[in-house]
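One letter stands for each residue in the lines below.
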Amino acid sequence: MSAPGATGARAGSALPWLAALVVGAAATLPWTVQRHWDAKPDAATYLLAARSLARGEGYRVLGEPFTLRPPGWSALLAPLVAWRGFDFAAINLAGGLVGILAVALLFVLLRPRLGDPVACAVAATVWLAPRFQQLCNQALSDVPGFAAALAALLAIRAAVARPSPARDLLAAVAVGASAWIRTANLLLVPAFAAARAFAPGAEGSVVSRLARALPACAVAVALYLPWALVPDAPISWGGDALQSYATALLRTDPVDPGSPVVGPAEALSRVARNGLSYAALFGSKDGVHPTVAAVAIAIAATLSWLVVLVRRREAPEWFAGLTALLVVAYYVAQARLALVPAAVALAAMAAVARSCVRRFAPAVGGDAAVVALLAAAALAMRLGGAGPTRSRSAARAADFDFVATRLREAVVPGERLGADFGTVWALFLDRPVEGLQSVCNRLGPDAARARVAQLRLDRLVLLSDGPCRSLVDLGDEEMRQGSIVVLRLSPVTPAGAGGAP
């Protein structure tokens, strides 16, 4: 029995379209791959952990165990880091290749629903999106986690369409492995269960189908369990790092596990605030408040997802919906967290548009119209941009390199450094750097100043336009390069030269 809305696309017809997508995306790499790195605290921890793995030191960050995120992405980066060190052009090229893998898997996942031309257009639109390209150049786990989730969704689809112990086991392994790259991929477990339980036209009751899915779900969870049981061990420095995901999601202070549990009012406030922030991604005059058009697009995307979910009841929509619920309830809204819901919603809008257009146009003409709409969307995203331009990003990266070189020459053993983004400067300087971003954002400048005094820091490295810009007058300015300011807070006595303990 064919799935609802099946297109009847022949399996052999996919190869030319897939080849065109992959070759076309690869041809853009000379323009999309950056030679520099957009410094991100989360990415810095992945890279530091990858270097520790490459050195045979285990999954650690500058000698300390790192347990906040699973080790999959760092393990994948480790061979490249062992070979090239922190060669950001090579790291970004690897990110671009993973991005091509992701859009290729997206095409394969979507083609039975949308047909080859529209599925290819959706995948190409994702590839060309400026925010997707930014993620490919940041050494973060979002794009690798997306690719792993898509591979797992393909395995789930096979297991749901033709259930067998072998297919269930393959799906379970794919889900469990994907969670070792990105923890949020554990939501594939309930997505698998829901897809099996509510599969249209399947034999047996919902309860019996759900029961048959439970062994595979248990295997997937068991594969992740060894990492889940590792005790939390937050690094002792780098205060811009979270303590745990549970703390960030459930506590009023995302880095204090002893803070009160989020109540209903705060939870609703988070959902409303984050929902508006994600709607603003579709259009905003100030980067915060969405335009009327942006809200309309967000509503259309949500309704399209719901229509496809009701019609098909398959794992991609369940997974996207669960992920969306998670990210809107999170303590902060970040565009990268919405990658899965955004891609699935884009495909859903294409599916709904295709169904509507083909009521009034021949199949080929209807597909051509939807492809044209997707091309217009891709062009609008390219013209609208996302975040800093490539030239501004490269200029800031050059400033980071310059300041890091000067600091490596100036800093003496025993000196205590602080920065707004501690883990970023720890990567550049190969030494612990206390992070102040979190306390600046959460508690304000007075608490941040008290934290600096408590830590008895000797130098501060801050962005004059960053989260700790209120601290740039705290000490004597020692160096300024672009927006980076280095402050001397106290004279330093070299280790072993005597002086106060």
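Preceding this section is the structure that the text describes.
Because the structure is a prediction, the values reported are computed rather than measured.

Asker: Is there a simple way to explain the overall build of the protein in this structure?
Answerer: Helix and strand counts for the protein stand at 21 helices and seven strands. Taking 23 Å as the expected radius of gyration for a compact globule of 501 residues, we find that the protein reaches 24 Å, a close match to that expectation. Principal axes of the C-alpha set define a box for the protein whose edges measure 80 × 50 × 45 Å. Every one of the 501 residues in the protein was classed for burial, and the buried ones make up 47%. Sequence separation of 24 or more characterises 68% of the internal contacts of the protein that already satisfy a separation of 6 or more. A total accessible area of about 22,800 Å² is found for the protein, and carbon and sulfur atoms account for 65% of it. For the protein, the centre of its 45 positive side-chain charges and the centre of its 32 negative side-chain charges are spaced 10 Å apart.

Asker: Is there a simple way to think about the side chain of Glu415 in this case?
Answerer: Tracing the backbone through its elements, the reader meets Glu415 in the loop between helix 18 (390-410) and strand 3 (417-419). Polar side-chain contacts of Glu415 include one of 2.4 Å to the side chain of Arg459.

Asker: How should the pattern of salt bridges be read in this particular structure?
Answerer: Opposite charge on two side chains permits pairing when their charged atoms draw close. With the rule as written, the count across this model stands at 22 salt bridges. Linking Arg480 and Glu477 is a salt bridge whose minimum nitrogen-to-oxygen distance equals 3.0 Å. On the basis of relative accessibility, which here comes to 46%, the residue Glu477 falls in the partly exposed class.

Asker: Any chance you could explain the state of the cysteines here in plain terms?
Answerer: Enumeration over the complete set of coordinates arrives at one disulfide. Between the sulfur of Cys440 and that of Cys468 lies a disulfide, 2.4 Å long from S to S. Residues Cys440 and Cys468 share a disulfide whose torsion about the S-S bond is about 115 degrees; that sign makes it right-handed. With a gap of 28 residues between them, Cys440 in helix 20 (residues 437-443) and Cys468 in the loop between strand 5 (459-463) and strand 6 (476-481) connect regions that are remote in the sequence. On the basis of relative accessibility, which here comes to 9%, the residue Cys440 falls in the buried class.

Asker: Help me understand the environment of Ala246 in this model?
Answerer: With respect to the element layout, Ala246 can be found in helix 12 (residues 245-250). As for Ala246 and Pro257, which are separated by eleven residues in sequence, their C-alpha atoms are 8.5 Å apart.

Asker: Can you help me understand the sheet that holds strand 3 in this one?
Answerer: The pairing of strands in a sheet happens through backbone hydrogen bonds and is either parallel or antiparallel. With mixed pairing, five strands are arranged side by side in an open sheet as 4-3-5-7-6. A single partner strand is all that each edge strand has here, and the edge strands are strand 4 (434-435) and strand 6. Where strand 6 meets strand 7 (residues 484-488), five bridges bridge the pair, whose relative direction is antiparallel. Following the sheet pairing, Met479 is matched in strand 7 by Val486. Relative to strand 3, helix 19 (residues 422-429) is tilted by about 130 degrees, and along the sheet it contacts strand 3, strand 4, strand 5 and strand 7.

Asker: Mind showing me how you'd approach the packing of aromatic side chains here?
Answerer: Each aromatic ring pair is characterised by the separation of its centres together with the angle its planes make. Applying the stated rule across the entire model yields 13 aromatic pairs. Both rings, one in Trp37 and one in Phe428, keep their centres 6.0 Å apart while their planes meet at 50 degrees; by these two values the pair is tilted. Of this pair, Trp37 sits in the loop between helix 2 (29-32) and helix 3 (41-54) while Phe428 sits in helix 19, and the two are 391 residues apart along the sequence. Across this residue pair, the class does not change: Trp37 and Phe428 are buried. When the centroid spacing of 6.2 Å and the interplanar angle of 75 degrees are considered together, the rings of Trp180 and Tyr224 count as edge-to-face. Here Trp180, found in the loop between helix 9 (165-179) and helix 10 (188-197), pairs with Tyr224, found in helix 11 (residues 206-228); they are 44 residues apart in sequence, far enough to count as distant. Its relative accessible area of 7% is what places Tyr224 among the buried residues. An aromatic cluster is defined as three or more aromatic residues linked by ring pairs; in this entry it consists of Trp37, Phe86, Phe88, Phe400, Trp425 and Phe428. It is Arg84 that lies over the ring of Trp83; its NZ or CZ is 5.2 Å from the centre.

Asker: Would you take a moment to explain the pairing of strand 7 for this structure?
Answerer: Along strand 7, five of the five residues are buried, which leaves the element largely enclosed by surrounding structure. Side-chain alternation along strand 7 places Ile484, Val486 and Arg488 on one buried face and Val485 and Leu487 on a second face that is also buried. Bridge count for strand 5 against strand 7 is five bridges, and the pairing is antiparallel. The residue of strand 7 that forms the bridge with Arg459 is Arg488.

Asker: How should the environment of Ala78 be read in this particular structure?
Answerer: As for its placement among the helices and strands, Ala78 is situated in helix 4 (residues 72-84). When near neighbours in sequence (up to four residues on either side) are disregarded, Ala78 contacts Ala50, Leu53 and Ala54.

Asker: Teacher, can you tell me more about the side chain of Ser178 here?
Answerer: Its location among the elements puts Ser178 in helix 9. Judged by relative accessible area, which is 1%, Ser178 ranks as buried. Those residues in contact with Ser178 that sit more than four places away from it in its chain are Ala148, Ala149, Ala152, Asn185 and Leu188.

Asker: I'm lost on helix 21 (residues 445-455) in this one. Help?
Answerer: Structural remark: α-helix, 3.6 residues per turn; residues separated by three or four positions point the same way. Among all positions in helix 21, only Ala448, Val452 and Leu455 are buried. Taken end-on, helix 21 shows its buried residues confined to a sector of 75 degrees, consistent with a single buried face. Facing away from the buried side of helix 21, by more than 90 degrees, are the exposed residues Asp446, Ala453 and Gln454. Buried residues in helix 21 make contact with strand 4, helix 20 and strand 5. A positive backbone phi angle near 55 degrees is found at Arg456, which sits one or two residues after helix 21.

Parameters at a glance
Residues numbered from 1 in each chain as written. Predicted model: local features only at pLDDT ≥ 70, side-chain atom pairs only at ≥ 80, totals over all residues. Heavy atoms only, no water. Helix = DSSP H or I, 4+ residues; strand = E, 2+ residues; numbered from the N terminus. Rg over C-alpha atoms; globule rule 2.2 N^0.38 Å. Buried < 20%, exposed > 50% of the residue type's maximum accessible area, 1.4 Å probe, protein only. Contact = heavy atoms within 4.5 Å. Areas by Shrake-Rupley, 256 points an atom, 1.4 Å probe, with all protein chains shown as cover. Lys, Arg positive; Asp, Glu negative; His and termini not counted. Charge placed at Lys NZ, Arg CZ, Asp CG, Glu CD. Polar contact = N/O pair within 3.5 Å; in protein donor to acceptor, adjacent residues only side chain to side chain. Salt bridge = Lys/Arg side-chain N within 4 Å of Asp/Glu carboxyl O. Disulfide = S-S within 2.5 Å. Pairing = 2+ DSSP bridges. Axes fitted to C-alpha atoms, helices over the stretch in contact; angles between N-to-C directions. Phe/Tyr/Trp six-rings, centres within 6.5 Å; stacked < 30°, edge-to-face > 60°. Lys NZ or Arg CZ within 6 Å of the ring centre and 35° of its normal. Arc of directions from axis to C-beta.

Take it as geometry only, folks, not as evidence of what the structure does.
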